[in-house]
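# A structural walkthrough
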Amino acid sequence: NAGVTQTPKFQVLKTGQSMTLQCAQDMNHEYMSWYRQDPGMGLRLIHYSVGAGITDQGEVPNGYNVSRSTTEDFPLRLLSAAPSQTSVYFCASSLWLWETQYFGPGTRLLVL
Amino acid sequence: SQQGEEDPQALSIQEGENATMNCSYKTSINNLQWYRQNSGRGLVHLILIRSNEREKHSGRLRVTLDTSKKSSSLLITASRAADTASYFCATDARRLVFGQGTRLTINP
């Protein structure tokens, strides 16, 4: 199993541009989440999904959209990038909500 | 505000010594988890301890949970250079909330 994969590994955007961060898992997990990690801030939950077609907001959802059309994929969309969205983004999946999380390798995003 | 808070923020010890880090939280939980993050990498799950458990072991790791004090500790025995990483606790209130982490450095 590949586990949780994320693409791209690194991205540079200009303010106002949009992009999609990809996340996929092959463990048949129902639950998937997106976190951002900033220096000294730990991980903060952006959005999460409890199954295909079901998403909900986390702690810091503004500026981000998600959808879950399949069990495997959970893309994160930045609608209009801002410098404040410069961060490392992690996708995670789990069998049950808030049980053991399996993390992807992360996407480093720089917004200029 | 963060649900889980790790202490200390940074810890530096000699190889072979034991490392202890603590996590405090504010509200009732179902379980508490510890994760490790090597520099620039994703988080790796270490141990999950449920609210009705008091202690759990995994290899050189020992986790305790005191729900009356709303605190947990992670002990790494006989530390190795490869244990150098950041360690996070995560608690499940309405959602899974991570603390800011303890940066552990093992000096050879």
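This structure is a prediction, so every number in the text was calculated from the model and none was measured.

### Section: a nonpolar patch on the surface
A cluster of nonpolar residues, A:Phe10, A:Val12, A:Leu110 and A:Leu112, forms a patch on the protein surface that exposes about 360 Å² of accessible area. Checked against the element boundaries, A:Leu110 lands in strand 11 (residues 107-111).

### Observations concerning the nonpolar core
Judged by nonpolar contacts, the single largest core of 21 residues is most densely connected at B:Met21, B:Leu32, B:Trp34, B:Leu74, B:Ile76, B:Tyr87 and B:Leu104. Going through the elements one at a time, strand 3 (19-25), strand 4 (31-37), strand 5 (43-50), strand 7 (61-66), strand 8 (71-76), strand 9 (85-92) and strand 11 (102-107) of chain B are the ones with two or more residues in this core. Take this core: its biggest share by element is 4 residues, from strand 3 of chain B. Setting aside residues no more than four positions away along its own chain, B:Leu74 makes contact with B:Ala19, B:Thr20, B:Met21, B:Trp34, B:Leu46, B:Leu61, B:Arg62, B:Val63 and B:Tyr87. Core analysis: the second largest hydrophobic core is formed by 18 residues, A:Met19, A:Met32, A:Leu109 and A:Val111 among them.

### A word on the interface of chain A and chain B
By a widely used convention, the size of an interface equals the accessible area lost when the partners come together. Each side of the interface is counted separately: chain A has 17 residues, and chain B has 20 residues. Here chain A packs against chain B, burying approximately 1,500 Å² in sum over the two surfaces, 52% of which is carbon and sulfur. Considering only the surface of chain A that becomes buried against chain B, A:Leu43, A:Trp98 and A:Phe103 emerge as the three largest contributors, covering 33% of it. Inspection of the region where chain A meets chain B yields 1 salt bridge. The salt bridge partner of A:Glu99 is B:Arg50, with a shortest N-O separation of 3.0 Å. Between chain A and chain B we count 6 residue pairs in polar contact (both at pLDDT 80 or more) in total. Counting only elements with at least two residues in the side of chain A that touches chain B, the list comes to strand 4 (31-37) and strand 5 (43-51) of chain A. Split into classes, the residues belonging to the side of chain A that touches chain B amount to 8 nonpolar, 6 polar and 3 charged.

### A few points about the layout of surface pockets
Each pocket or cavity is described by its volume, and for the largest pocket that value is around 540 Å³. Taken together, 24 residues make up the lining of the largest pocket; nearest its centre are A:Gln37, A:Pro39, B:Gln37, B:Ser86 and B:Phe88. For the lining of the largest pocket, the elements supplying multiple residues, two or more each, are strand 9 (87-94) and strand 11 of chain A together with strand 9 of chain B. Among the residues making up the lining of the largest pocket, the classes are represented as 6 nonpolar, 13 polar and 5 charged. Taken as a whole, the second largest pocket encloses approximately 160 Å³ of empty space. Along the walls of the second largest pocket sit A:Gln101, A:Tyr102, A:Phe103, A:Gly104, A:Pro105, B:Arg36, B:Asn38, B:Arg41, B:Gly42, B:Leu43, B:Val44 and B:His45, which together make up its complete lining. Residue assignment for the lining of the second largest pocket shows that the elements contributing at least two residues are strand 10 (102-103) of chain A together with strand 5 of chain B. A per-element tally of the lining of the second largest pocket places strand 5 of chain B first, with 3 residues.

The rules we used
- Residues numbered from 1 in each chain as written.
- Chains lettered and ligands numbered in written order.
- Predicted model: local features only at pLDDT ≥ 70, side-chain atom pairs only at ≥ 80, totals over all residues.
- Heavy atoms only, no water.
- Patch = residues over 30% accessible without salt bridge, like charges linked within 9 Å, V, L, I, M, F, W, Y side chains within 5 Å.
- Areas by Shrake-Rupley, 256 points an atom, 1.4 Å probe, with all protein chains shown as cover.
- Salt bridge = Lys/Arg side-chain N within 4 Å of Asp/Glu carboxyl O.
- Helix = DSSP H or I, 4+ residues; strand = E, 2+ residues; numbered from the N terminus.
- Core = buried A, V, L, I, M, F, W, Y, C linked by side-chain atoms within 4.5 Å.
- Buried < 20%, exposed > 50% of the residue type's maximum accessible area, 1.4 Å probe, protein only.
- Contact = heavy atoms within 4.5 Å.
- Buried area = accessible area lost by both parts, 1.4 Å probe.
- Polar contact = N/O pair within 3.5 Å; in protein donor to acceptor, adjacent residues only side chain to side chain.
- Nonpolar A, V, L, I, M, F, W, Y, C, P; charged D, E, K, R; others polar.
- 1 Å grid on protein atoms, 1.4 Å probe; cavity = no way out; pocket = protein on both sides within 12 Å on 5 of 7 lines; lining within 4 Å.
- Points joined across faces, edges and corners; volume = space filled by probe spheres on them.

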